[in-house]
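Chains, contacts and geometry: an overview
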Amino acid sequence: MPQYQFLQWCLYALWALLVFAYGACLGSLINVIAYRMPKGISIVTPPSRCPACSTKLSWRDNIPVLGWIALRGRCRYCKTRISPEYPIVEAAVGFLFVVFYVIWYVVPGTSPLGGALNVLTPYWAVMNDASRTWPEFVVLLILVASLFAMTLVDAKTFTIPIQLTWVPAIVAAVVYPLHAAWVSRPGSFGVRTTPGWNWMIACPDVTRWDWIGLSLGGMLGIGIGLLLLRTGLVGRSFADYAEWEAKAKASAQTADAVGTAAAAQQDQPNADAAQITTSTPTTPPSNSAPPSSPPSSADPNANPEMWMAYPHARREMVRELAFLAPCVLLMLVGWYAGRHFGGVSYDPIFGAYSAKAAAPLWLAVLSGVFLGYLIGGGVVWFVRIFGSFAFGKEAMGLGDVHMMAGVGAALGWIMATLGFFGAAFVGIAWALLGRLAGGGFKRMLPYGPFLAVATVLVVVCKPAVEWGLSHLTGQPIRLP
Ligand SMILES: [Zn+2]
């Protein structure tokens, strides 16, 4: 092996180690989030402590993965067992980050991994090109870490904390336009992108003021919807759920009490038979509150069967449509305004759009982030609203809507849509695995983890899918 190649590999190994350490540290943060957020404890204070003896952990104990191994999985002070979930999460996030690093920046070229893996590399991530694409790589890693945290919390509590879904969206809305402004300054080299696209996520072309107008209008509409929600002009959906649950539980309990009283009466020789027959058939009003159901906590989602029995799902969808009305309206207004004032016209001879003036790249990229947010969340919301109307039960959670909106902002609308539809297949695969494992994991799982896994799979497999589609159709198919 030539010497320069050896040095190159040392460099790769060093970077992989750094990426792993970065992932493990974020994994450590994810552990804190997954432990504290459902309990409503602040993530910053107090500092990590042993849950059994409350002793503050030293910096050595806090080192991801290694800290747990050094302690052999027991608290230094009280020797209580520490769950292996913590180092496993840290190592898994680190490993996932290294996988992306290897696919993006190591595989292409003359690696001993071979040319077969080259199809996994996206167009914009060419070997040794990390200096020009690292901001996008960082956004991707932050998205993956956020999805990991959402999956853990969702699997444990059936709730996705909305703040977690904002992390990738905000990071993408800041990093991408800044990077675009940086590379479009005079004398810059620009960035590598998928052919036919001008950024690494799906963005409108710089001549398409209509799409830019639509995305800006849509985000403005979301802002107005939130304002209406805050002022109370639009009602929050499922706002009366807790009240309904309390009532349903109370009447279920009275029914139980009446049943017990009736059973007691049955033992009494003088009991009035007619009274027994009238009181015993009383059943709980909701057939989904089985007597064995656990006592409810403050969180309505702690009891998913109960949640599904809520009878007003259709009515609540009308509220959500009211929230969405300004968004839809302003999208249309933005579309026409952009078309009109931007002078967007289609030239059938060249088969291309033109405009009075090209939009700056950062604006087109910001618009791509917004479009991803609106379409990524919109597809899920569409299914939620129509599913709820059709079945009279809540279909897809609002947390899933927020999650895919965040995914769309970070990866663009194409990837978010692919991820959403891919999640159904991941769900089917999970069910089949459960069947094979003999009902080993019968536990009902919320949809969020499937969405997260499908999103990561889509990111990894997209170049391979393009490659396959291109070979099948004989035409180059390229997705940003
Ligand atoms: Zn302890």
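All values reported here derive from a predicted model rather than from experimental measurement.

Structural notes on the environment of Pro204
Looking at the secondary structure, you find Pro204 in the loop between helix 5 (162-183) and helix 6 (209-231). Discounting chain neighbours no more than four positions away, the residues touching Pro204 are Trp211, Ile212, Ala364, Ser367 and Gly368.

Some words on helix 11 (residues 361-391)
For helix 11, which comprises 31 residues, the first-to-last C-alpha distance of 44 Å matches the rise-based estimate of 45 Å (1.5 Å per residue) to within 8%. Bending of helix 11 peaks at approximately 25° at the position of Gly378. Here helix 11 lies mainly inside the structure; 23 of its 31 residues are buried.

Focus: the nonpolar core
Core analysis: the biggest nonpolar cluster contains 107 residues, and Ile30, Ala149 and Met404 have the highest contact counts within it. Split by domain, the residues of this core number at least three in each of domain 1 (3-106) and domain 2 (162-239 + 312-473). Look past the residues within four positions of Met404 in its chain and what remains in contact with it is Gly376, Gly377, Val379, Val380, Ala416, Gly419, Phe420 and Leu451.

So, helix 4 (residues 130-157)
Here helix 4 contains 28 residues, and its C-alpha end-to-end distance of 38 Å stays within 8% of the 40 Å for a straight helix at 1.5 Å per residue. Among the residues trailing helix 4, Phe158 stands out with phi positive, at a value near 60°.

Some thoughts on the confidence of the model for the protein
Across the protein, the average pLDDT comes to 83, with 85% of residues at 70 or higher. In the model, residues 267-300 has pLDDT below 50 throughout and makes 46 contacts with residues more than four positions away in sequence or in other chains.

Looking at unusual backbone geometry
Although it is not a glycine, Arg72 sits at a positive phi angle of roughly 55°. Examined against the element boundaries, Arg72 turns out to sit in the loop between helix 2 (66-70) and helix 3 (85-106). With phi around 65°, Lys79 is a residue other than glycine that occupies positive phi space. With respect to the helices and strands, the residue Lys79 is situated in the loop between helix 2 and helix 3.

Notes on the packing of helix 10 (residues 313-341) against helix 11
Running from N to C, helix 10 and helix 11 point in directions that differ by 150°, and their axes come no closer than 8 Å. Put simply, helix 10 runs roughly antiparallel to helix 11. As helix 10 runs across helix 11, the sense of the crossing is left-handed. Across the interface between the two elements, Ala313, Arg314, Met317, Glu320 and Leu321 from helix 10 touch Ile385, Ser388 and Phe389 from helix 11. Looking at the contact of helix 10 with helix 11, its residues break down into 5 nonpolar, 1 polar and 2 charged.

Definitions and limits used
Per chain, the residues get numbers from 1 upward, laid out in the order the sequence is written. Selection of residues for local features in this predicted model requires a pLDDT of at least 70, selection of side-chain atom pairs for listing and counting requires 80 or more, and totals for whole chains, interfaces and linings are taken over all residues. Secondary structure counts use DSSP, requiring at least four H or I residues in a row for a helix and at least two E residues in a row for a strand, with both numbered from the N terminus. For the purpose of contact definition, each residue receives a C-beta atom placed from its backbone, and two residues are in contact when these atoms lie within 7 Å. Multiply 1.5 Å by the residue count of a helix minus one, and that product is the helix's expected span. Each residue is assigned a bend, namely the angle between axes fitted to the seven residues that terminate at it and the seven residues that start at it. Here a residue counts as buried when 20 or more other C-beta atoms sit within 10 Å of its C-beta, as exposed when there are 12 or fewer, and as partly exposed otherwise, the C-beta atoms being derived from the backbone. Nonpolar core, as used here: buried Ala, Val, Leu, Ile, Met, Phe, Trp, Tyr and Cys residues forming one set through C-beta atoms within 7 Å. All domain edges in this entry derive from an automatic or database-based domain assignment. Residue-level confidence of the predictor is what pLDDT reports, using numbers from 0 through 100. Simply put, an axis is a line fit to the C-alpha atoms, just over the touching stretch for a helix, and the angle between two N-to-C directions goes from 0 to 180 degrees. Oblique is the label for every angle not falling under 35 degrees (roughly parallel), over 145 degrees (roughly antiparallel), or within 65 to 115 degrees (roughly perpendicular). Note on convention: the crossing is left-handed when the near helix lies turned anticlockwise from the far helix by less than a right angle, right-handed when the turn is clockwise. The residue classification treats Ala, Val, Leu, Ile, Met, Phe, Trp, Tyr, Cys and Pro as nonpolar and Asp, Glu, Lys and Arg as charged. All others, Gly included, are polar.

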